[in-house]
Amino acid sequence: MIVLGDRYKFVPTEIEKLKKRFKNTELIKYNDRYPEETIEFFEEKIANNECKLIVLNARDKIDDELLKYLTNLELKGVDFITIEHFLEKYLHKCYIPEDNSDISFLESIKPFNTFQYIQKRFIDFIISLPLAIITSPIMLYCAYRIKKESPDGPVFFKQTRVGAKGKKFICYKFRSMRTDIDFFHPYTQENDPRIFPWGKIMRKMRIDELPQLFNVLKGEMHLIGPRAEWDKLVENYEKEIPYYNERHLVAPGITGWAQVNYQYGSNIEDTKQKLMYDLYYIKYWNIWLEIKTIFKTILVMVGKKGL
C-alpha cells in the first residue's frame, strides 16, 4: 500500500496498525508539478509486486495525467481510494478536513432514527439495570474507600455535561481526586497529585463511572455513545472545531467507540481524533457496532488492551 500525500497525518498507532495489515506500507509526498516522477515510482513498486492499493491523500488537486494513470491501474488489479473512504473502511473513523472548504461529509451525520433509538434504549435497560444491581456491592465499597482515603470531600463527583441536542445535565461519577489540594487543570495529568490511591484504581478499572448507570436509566445518557464532556470544555472545543457539536446529535455514553479506539488525550488534536471516531459511530451505528464496542470496552477494563 502507498499513501500519496500528507493531507491527513496518521498518528503513530495508526501507522503501526497499517503496517500489520498491509505487508508493504509507504507514505510518500505528492508534488503536483512533477506527476511523472510519481508515476515512475508507482511503476517500480508495481513491477516488484509491492503495491496493490494507492491511497489519495494529497492536499493539491490530482494532476489529470496521474488520474488517468490511476484509473488504468485498476484494470491491472491495483486499486486506488480516497483518504476519506480509506479511513472509514480500514480505521473506522470519519475524516475531518483541516479547513472548512469541504463540509459535505457532515451531510451523512444524522441523529438516530426512531427504530435505532428504541434499539439503543432496549440495550441500555437490559444491560444497565442488571449491571447496577450486580455492581452495587462494588459501589458501596467504593464509597467506603473514598471516605477513608479522602474524607474531606463527597463520595460523588458531580459535573454539568452536554447531552443530546446540546441539553445539559448533571453527570455522576465516583470522586477520585482529593479536594484539599490547591491545584487545577481541566485535564487529568500523568501522576496527577490530586488522585488518591483508590481513585487511581477506580480510574484504571473505570469503575469510577459506575454511577453513570443511573444517568443511563434516567435517559440522559446511553450505555454506548460519545463521551459526555464538561460544558466548559465543549465551549472551548467548539471555538477550535466548528462542527464539534455534531457529536451532540445523540446522547453521550459511559463508554464509546472513540474511548476504546483512541488513548486518553489532553489537547485539541486528540479531541479532533476522537471526534472522527464519534462521527463514524453515529454515521454507521448498528447492533453489531454496539456489541463490538461493548466487547472492546470489556477488553480495556480487564487490561487486555491498554488505551
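On a predicted model such as this, the values are computed, not experimentally measured, just so you know.

> When you look at helix α2 (residues 35-47) in this model, what are you seeing that I'm missing?
Residues lying three or four places apart along an α-helix face the same way, a consequence of the helix completing one turn every 3.6 residues. Taking 1.5 Å as the rise per residue, α2 with 13 residues should run 18 Å; its terminal C-alpha atoms sit 18 Å apart, in good agreement. Within α2 the residues assigned to the buried category are P35, T38, I39, F42 and K45. Projected onto a plane normal to the axis of α2, the buried residues spread over an arc of 125 degrees and lie on a single side. In α2, the exposed positions that point more than 90 degrees away from the buried face belong to E40 and A47. Next to the buried residues of α2 lie β1 (2-4), β2 (26-28), β3 (53-56) and α3 (64-74). Among the residues trailing α2, N49 stands out with phi positive, at a value near 60 degrees.

> When you look at helix α11 (residues 268-283) in this model, what are you seeing that I'm missing?
When the terminal C-alpha atoms of α11 are compared, their 22 Å separation across 16 residues agrees well with the 22 Å that a helix rising 1.5 Å per residue should span. With 13 of 16 residues buried, α11 is to be regarded as a mostly interior element. By the N-cap criterion, in which a side-chain oxygen at the helix start approaches the backbone nitrogen of a residue two or three places on, α11 is capped by N267, the distance to E269 being 3.1 Å.

> Help me understand the environment of F196, please; the structure alone is not making it clear to me.
Structurally, F196 can be placed in the loop between β6 (168-174) and α7 (197-205). For F196, a relative accessible area of 3% gives the class buried. Distance in space between the C-alpha atoms of F196 and A47 is 60 Å, their sequence separation being 149 residues. Setting aside residues no more than four positions away along its own chain, F196 makes contact with I146, E149, S150, R175, S176, M177 and R178.

Rules behind the numbers
- Residues numbered from 1 in each chain as written.
- Predicted model: local features only at pLDDT ≥ 70, side-chain atom pairs only at ≥ 80, totals over all residues.
- Heavy atoms only, no water.
- Helix = DSSP H or I, 4+ residues; strand = E, 2+ residues; numbered from the N terminus.
- Expected span 1.5 Å × (residues − 1).
- Buried < 20%, exposed > 50% of the residue type's maximum accessible area, 1.4 Å probe, protein only.
- Arc of directions from axis to C-beta.
- Contact = heavy atoms within 4.5 Å.
- Polar contact = N/O pair within 3.5 Å; in protein donor to acceptor, adjacent residues only side chain to side chain.

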